[in-house]
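Below, each chain spelled out in residue letters.
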Amino acid sequence: ARFAREGLMASRVVHENVVRVYAVEVDGPLPHLVMELVEGKDLADRLAEEGPLPPLEAARLARDVARGLAAAHALGFVHRDVKPGNLIVGTD
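Predicted, not measured: the structure shown is a model, and the values here were computed from it.

The rules behind the values
Residues numbered from 1 in each chain as written. Predicted model: local features only at pLDDT ≥ 70, side-chain atom pairs only at ≥ 80, totals over all residues. Heavy atoms only, no water. Helix = DSSP H or I, 4+ residues; strand = E, 2+ residues; numbered from the N terminus. Buried < 20%, exposed > 50% of the residue type's maximum accessible area, 1.4 Å probe, protein only. Contact = heavy atoms within 4.5 Å. Lys, Arg positive; Asp, Glu negative; His and termini not counted. Charge placed at Lys NZ, Arg CZ, Asp CG, Glu CD. Pairing = 2+ DSSP bridges. Arc of directions from axis to C-beta. Salt bridge = Lys/Arg side-chain N within 4 Å of Asp/Glu carboxyl O. Patch = residues over 30% accessible without salt bridge, like charges linked within 9 Å, V, L, I, M, F, W, Y side chains within 5 Å. Areas by Shrake-Rupley, 256 points an atom, 1.4 Å probe, with all protein chains shown as cover. Expected span 1.5 Å × (residues − 1).

1. Things to note about the overall build of the protein
Summing up its helical and strand segments, the protein has three helices and four strands in all. The secondary structure elements of the protein, listed N-terminal to C-terminal, are α-β-β-β-α-α-β. When its C-alpha atoms are laid out on the principal axes, the protein stretches across 45 × 30 × 20 Å. In the protein, which comprises 92 residues, the proportion classed as buried is 17%. At a minimum sequence separation of 6, the contacts of the protein that also span at least 24 residues come to 49%. Of the charged side chains in the protein, 11 are positive and 14 negative; the average position of the first set lies 7 Å away from that of the second.

Next up, the structure:
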């Protein structure tokens with residue numbers, strides 16, 4: 001029930017810095033989210049491959065993450081697992 005509630009809340013967040021959640025499926029043995037496909041890499045993989053980001057790029061990324069989280073927070077949604085592996089750095 002918690003998964004479904006959080007998935008439905010996440011689907012209300014519409015922001016350029018937040019991956020869209022299109023559907024929450026709870027029927028069957030494994031609940032799952034149907035999400036927007038974003039071309040790019042997660043930040044953890046990128047850091048492992050390329051090392052630290054240049055300061056200006058790191059600042060821009062931090063700004064974009066903060067904006068996305070602010071949009072979610074404005075709707076009462078709190079992301080409880082913000083980490084490099086959950087941050088997708090898109091090709092654009």
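Okay, back to it.
2. Some words on the pairing of strand β2 (residues 32-35)
Of the pairings in the sheet, the one linking strand β1 (residues 21-25) to β2 comprises four bridges and is antiparallel in character. Bridge pairing in β2 links Ala23 to Val34. Hairpin connection of β1 to β2: six residues between the antiparallel strands, including Gly28 at a positive phi of 95°.

3. Examining helix α1 (residues 2-11)
Here α1 has its buried residues at Ala4, Gly7 and Ala10. Looking straight down α1, one finds that the buried residues subtend no more than 130° of arc, so they occupy a single side. Along α1, the residues that are exposed and aim more than 90 degrees away from the buried face are Arg5 and Leu8. Where the residues of α1 are buried, they touch β1 and β2.

4. Remarks on the pattern of salt bridges
One pass over the structure, following the stated rule, counts seven salt bridges. Residue Arg2 is joined to Glu6 by a salt bridge in which the shortest nitrogen-to-oxygen separation is 3.2 Å. With Arg2 and Glu6 both in helix α1, this residue pair falls four residues apart, about one helical turn. Several salt bridges converge on common partners, so that one network encompasses Arg2, Glu6 and Arg80.

5. Some details on a nonpolar patch on the surface
Residues Phe3, Val26, Leu33 and Met35 make up a contiguous nonpolar surface patch of roughly 320 Å² in combined accessible area. Relative to the helices and strands, Met35 resides in strand β2.

6. Points about helix α3 (residues 55-74)
Taking 1.5 Å as the rise per residue, α3 with 20 residues should run 28 Å; its terminal C-alpha atoms sit 28 Å apart, in good agreement. Looking only at α3, the buried set comprises Leu61, Gly68, Ala71 and Ala72. An end-on view of α3 places all buried positions within 100° of arc, on one side of the element. Opposite the buried face of α3, at more than 90 degrees from it, the exposed residues are Pro55, Leu56, His73 and Ala74. Turning to α3, the residues buried within the fold contact α2 (43-50) and β4 (88-90). Remark: Gly76 follows α3 within two positions and exhibits a positive phi of approximately 85°.

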